[in-house]
Each structure stands twice: as C-alpha cells, then as structure tokens.
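An overview of the molecular structure
Listed below are the residues making up each chain.
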Amino acid sequence: MNKTKRNYMDATHTWGRIFMVTAICVLVAVPVAICIKFDAWPTFNQVFKGLLKVIPIFWTSAVLEIIVYAPMLGTGATYLSFVTGNITNLKLPCVLNSRELAKTKPGTEADEVISTIATATSSIVTTVILAVGVLALTPVLPALTGEDSALKPAFDQVLPALFGALGAGYLAKHWRISFVPVIAAVIVLMFDGSLGTGTLIPICVVVSILAAYLMYISGFLTGGVKPENPLKGMKKKK
C-alpha cells in the first residue's frame, strides 16, 4: 500500500468517524428534544425493556451486516451506507453495478472512489426523489398502494424484481459458484419462510465462501486442474 493510498484511507476513516458521530448525535437529539418539549422522560426500566425486545434481532443483525457488507462496499461507502440506510435494496446494488461498469477490483483505490461516488449519488438521488414523491404523490398514493388497488401486487414485487435483474447477470457469469448459495437459501427458506434478509444473507455468504473454496481446491473451477491449496501457501509465508 503506497503513501497516497494510506493518506486517502486515513482521511476516509477520520471523516467517516466524524460523520458517524455527528449522525448519531442528530438522531439522538430528536427524541431528547421531544422529551424536553413535553417534559416526558422515560424511566431506565422502560428504556431497558424496550431495548431488550430488539437487541436479540436487530443488534445481532447490525453486527453481521457490518461484517458482510463492509468488504463489499468499501470504506467510504460503508460509512455513508450505514448512516443513510437502504443498503440491501439501494446502496449495495448501486455499488455492485458501478463496479461492474467501471471494471474495478475490490480493495483497490479506484474501487474505493467508485463505490463512494455511487453510494453518495444514490443517497442524493434517493433524497430528491423521496422529496418530490412525497409532494407529488401524497394525494394519490393511497389509491395506488391500498389493499384494494389493482397495482398493489406490482409494488410488492419491486425489491425481488430489482435483485432478480442484478443477480441474473452474476448468476450467468459465475454460475459454478452461484448455484450452491441459491440452493442453500431455498433450503433455509423452506424451513423458515419468514427469515429476514439480515439473517439469510450472512448464512449464504458463509456457504458461498466455503463452497467456492472447496470447488477451487477440487479443480471444479479450473477445468479439472487442482491448484495448490491457498491456505497452505499462507501457512508457509508465516
């Protein structure tokens, strides 16, 4: 890693941490301001009981998402994504698509720049579209998305359609390492169809890594030629 990249990464981490702390302060300031305004403060027991209900699900999922998404997004994009949200259905697809178009490799400085720009652009565009949509569609939105609307089934399939379009290209290009995690996801959902994506994605990531490693050392990905085990090479270097 050269000096320029170290400086860039150091600056990204510095500003990213400032950005995260500022965002946390702003988010916490909203309920605090409401409590001050109405002079209504929750007790410690009330706060603890409320957190106890979400800790097992959301806190565990949050830790897993950082481990899973950070290597895929890059440094700058990770800081932006975890503050602005919508990682699974907006930020991650934008990063993957921009990386594919720019033909950059994960972990490189060029990829860091591309992923950060893609995430920032996605955040800005999303904010603008939401603002325009709220102002323009508020009067007609109930008629479009209501339970009795003819368009309701179409709105329910937006996210699957988005990931289907993005995933089709990767599945076709890397079909040998794609079918195992897909089968694993189907099997898991057969046992628990209500499982959230925050739990399902880490499971599929672990399965993908193990399956790809086993396929590689067995020669399945290299036309029958068994390459040297990369883990053995790492041990020798140590």
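Summary of the structure given here.

Conventions and cut-offs
Residues numbered from 1 in each chain as written. Predicted model: local features only at pLDDT ≥ 70, side-chain atom pairs only at ≥ 80, totals over all residues. Heavy atoms only, no water. 1 Å grid on protein atoms, 1.4 Å probe; cavity = no way out; pocket = protein on both sides within 12 Å on 5 of 7 lines; lining within 4 Å. Points joined across faces, edges and corners; volume = space filled by probe spheres on them. Helix = DSSP H or I, 4+ residues; strand = E, 2+ residues; numbered from the N terminus. Nonpolar A, V, L, I, M, F, W, Y, C, P; charged D, E, K, R; others polar. Phe/Tyr/Trp six-rings, centres within 6.5 Å; stacked < 30°, edge-to-face > 60°. Buried < 20%, exposed > 50% of the residue type's maximum accessible area, 1.4 Å probe, protein only. Contact = heavy atoms within 4.5 Å. Core = buried A, V, L, I, M, F, W, Y, C linked by side-chain atoms within 4.5 Å. Expected span 1.5 Å × (residues − 1). Arc of directions from axis to C-beta. Axes fitted to C-alpha atoms, helices over the stretch in contact; angles between N-to-C directions. Parallel < 35°, antiparallel > 145°, perpendicular 65-115°, else oblique. Left-handed = near helix turned anticlockwise from the far one by under 90°.

Attention now moves to the layout of surface pockets. As a volume, the largest pocket reaches approximately 1800 Å³. Within the residue set of the lining of the largest pocket, elements represented by two or more residues are helix H2 (44–73), helix H4 (87–102), helix H8 (158–173), helix H9 (179–191) and helix H10 (197–218). Looking at the lining of the largest pocket residue by residue, the classes come out as 29 nonpolar, ten polar and four charged. Size it by volume and the second largest pocket reaches roughly 210 Å³. If you go around the second largest pocket, the residues you meet are Phe58, Ser61, Ala62, Glu65, Ile66, Tyr69, Ser81, Phe82, Gly85, Asn86, Ile87 and Thr88. Among the elements of the structure, H2, helix H3 (75–84) and H4 are those that each provide at least two residues to the lining of the second largest pocket. Taken together, the residues that form the lining of the second largest pocket break down as six nonpolar, five polar and one charged.

This brings us to the packing of aromatic side chains. Following the criterion strictly, the structure yields one aromatic pair and no others. Ring plane angle 15° and centroid distance 6.1 Å describe the contact between Phe44 and Phe48, whose orientation is recorded as stacked. Linking Phe44 with Phe48, this pair stays in helix H2, spanning four residues, or about one helical turn. According to the relative accessible area criterion, Phe44 is exposed, its value standing at 65%. Under the relative-accessibility criterion, Phe48 is labelled partly exposed at 43%.

What follows covers the environment of Ile203. Here Ile203 lies in helix H10. For Ile203, the contacting residues outside a window of four places in its chain are Val188 and Leu195.

Right, let's talk about the nonpolar core for a bit. Grouped burial of nonpolar side chains is what soluble globular proteins tend to show. With seven residues, the main nonpolar core is built from Val68, Tyr69, Leu73, Ala77, Ile87, Leu92 and Val95. Once residues lying within four places of it in the same chain are set aside, the contact partners of Leu73 are Thr78, Ser81, Ile87, Lys91, Leu92, Val95, Arg99 and Ser115.

Another point: unusual backbone geometry. Even without being a glycine, Asp39 presents a positive backbone phi close to 50°. A positive phi angle is found at Lys103, which is not glycine, with a value near 55°. Within the secondary structure, Lys103 is located in the loop between H4 and helix H5 (109–137).

Our focus in this paragraph is H9. Residues spaced three or four apart along an α-helix face the same direction, because each turn holds 3.6 residues. Over its 13 residues, H9 extends 19 Å from the first C-alpha to the last, a length consistent with the 18 Å expected when each residue adds 1.5 Å. Listed in full, the buried residues belonging to H9 are Pro181, Ala184 and Ala185. End-on, the buried residues of H9 take up no more than an arc of 100°, which puts them together on one face.

Relative orientation of the contacting elements H3 and H4 amounts to 160°, with a least axis distance of 10 Å. Of the possible angle classes, the one that applies to H3 and H4 is roughly antiparallel. As for how H3 packs across H4, the hand of that crossing is right-handed. Between H3 and H4, the residues in contact are Ala77, Ser81, Phe82 and Thr84 and Ile87, Lys91 and Val95, respectively. Among the residues making up the contact of H3 with H4, the classes are represented as four nonpolar, two polar and one charged.

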